[in-house]
Structure formats: C-alpha cells, structure tokens
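# An overview of the molecular structure
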Amino acid sequence: MRIVNFMLVLSVVPYFGISQNKITGKVVDQLGFPIYRASAEISTTDIITYTDYDGSFLLKSEKDFHWKVNIKSKGYEPESFFVLSGGNTGYIVLEYDDDIKKLLDGNSGLRQKFYWDSWKKTILLPKSENLLVSATNFSN
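Residues numbered from 1 in each chain as written. Predicted model: local features only at pLDDT ≥ 70, side-chain atom pairs only at ≥ 80, totals over all residues. Heavy atoms only, no water.

## A word on the packing of aromatic side chains
Note the threshold: Any pair of Phe, Tyr and Trp rings, taking the six-membered ring for Trp, is counted once the centres come within 6.5 Å. Such a pair is stacked with planes under 30 degrees apart, edge-to-face with planes over 60 apart, and tilted for the rest. Working definition: helices are DSSP H or I runs of at least four residues, strands are E runs of at least two. Numbering for both runs from the N terminus. Type-normalised accessible area, obtained with a 1.4 Å probe on protein chains alone, sets the label of each residue: buried when under 20%, exposed when over 50%, and partly exposed for intermediate values. We call a charge positioned above a ring when the Lys NZ or Arg CZ atom is no farther than 6 Å from the ring centre and deviates by at most 35 degrees from the ring normal.
As enumerated under the stated definition, the model contains 2 aromatic pairs in all. With a centroid separation of 4.4 Å and 5° between ring planes, the pair formed by Tyr36 and Tyr53 is classed as stacked. Here Tyr53 lies in the loop between β3 (48-50) and β4 (56-61) and Tyr36 lies in the loop between β1 (21-28) and β2 (39-42), a separation of 17 residues in the sequence. By relative accessible area, Tyr53 is classed as exposed at 67%. Positioned over the ring face of Tyr50 is Arg37, at 4.5 Å from the centre of the ring.

## As for the pairing of β2
Remark: a regular strand shows side chains that alternate across the two faces of the sheet. Stated precisely, the cut-off is as follows: Paired strands, as defined in this entry, are two strands with at least two bridges between them according to DSSP.
Residues Ser39 and Glu41 line one face of β2 and the alternating positions Ala40 and Ile42 line the opposite face, and both faces are buried. Pairing of β2 with β3 involves 3 bridges; the strand directions are antiparallel. Each residue of the ladder has a partner; that of Glu41, found in β3, is Ile48. Hairpin connection of β2 to β3: 5 residues between the antiparallel strands, including Thr44 at a positive phi of 65°. As paired elements, β2 and strand β5 (residues 67-72) share 4 bridges and run antiparallel to each other.

## A short note on unusual backbone geometry
Phi at Arg37 takes a positive value of approximately 65°, unusual for a residue other than glycine. Position of Arg37 relative to the elements: it lies in the loop between β1 and β2. On the accessibility criterion, Arg37 (47% relative accessible area) is partly exposed. In this structure, Thr44 takes a positive phi of about 65° despite not being glycine.

## Some thoughts on the pattern of salt bridges
What counts, and what does not: Salt bridges are defined as contacts in which a side-chain nitrogen from Lys or Arg sits within 4 Å of a carboxyl oxygen from Asp or Glu.
Scanning all chains against the criterion turns up 1 salt bridge. One salt bridge in this structure joins Glu41 and Lys72, with 3.5 Å as the shortest N-O distance. On the criterion of sequence distance, the pair formed by Glu41 in strand β2 and Lys72 in strand β5 is long-range, its members being 31 residues apart. On the accessibility criterion, Lys72 (41% relative accessible area) is partly exposed.

## Comments concerning the sheet that holds β4
Selection rule: For every element, the axis is a line fit to its C-alpha atoms; helices are fit only across the contacting stretch, and the angle between N-to-C directions ranges from 0 to 180 degrees.
Reading across from one edge, β4-β1-β7 is the order of the 3 strands in this open sheet, with mixed pairing throughout. Every other strand in the sheet has two partners, leaving β4 and β7 (87-93) as the edge strands with one partner each. Adjacent strand axes in the sheet meet at a mean angle of 20°, parallel and antiparallel pairs treated alike. Direction of pairing for β1 relative to β4: antiparallel, over a ladder of 6 bridges. Bridging across to β4, Lys22 finds its partner in Lys60.

Right, here's the structure in full:
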C-alpha cells in the first residue's frame, strides 16, 4: 500500500512541482503565407524548434520569467522579441531580405529570356543578350 501511495505522489509531482512554460506562435511572410522550417529559439539557451507546414511552433522552457525569442529563416530578415510569460505570440511576420525583394521586383538579373522562332518552331535560349547558345526544336 505504501508503494502505491508513493507512486501516486511521484506521478503528481511533475504537475505541481516542476512545470514547463510554453510559447506558441505562427510565423508568416509579408503576404500571410506560412513559413516552413523557420527556426524559433530562446536566446542564450540551446532550446530551439522549427515551424511545421502551417508555420506553427512550440517552445518549452523551465524558465519562468521572460524570454528573448529569435526567429530566423533563409530568405527573410531575422526577428527578435521578448515574451514576458508563456502563451501564444500570435502571428509573427518576417520581412523578405534584400535578395528576395530583388527577385520579386524583377531586378535580380535572374530572368531567363526565351525567343520563339516561329519559322523553325524552336525556342532559342540566350546565354547573354548578344549570343544565342542553344536551340530546342519542337517539330514532329
């Protein structure tokens, strides 16, 4: 009987004695789309997690007062903020970095130009503006 009582006490201790605080949130881009695999970490600790397909994350810590949370993802500017107590941070919007902004604006120089030759029914792919390097034939 004493063993059973001891086991019951041990099973209740994690609920009352040692608690973990949770921080939840959702990381989205400027257009409102979720960001997959963004890292969410508590600063000055080794506690890190990654967002899932819908941009949601869950951080757990035994620390009780406040946290500095860092959010990072490739192609976006990093974001840091303070959370005073566990809970839901809501939506965290990451802004695009300069390289992605150039790509979205069309000023990156990465656009491939294609030329359609209607006589030969081929697509000409230039390597530069002055030099045609390949042709693809679509004839039967």
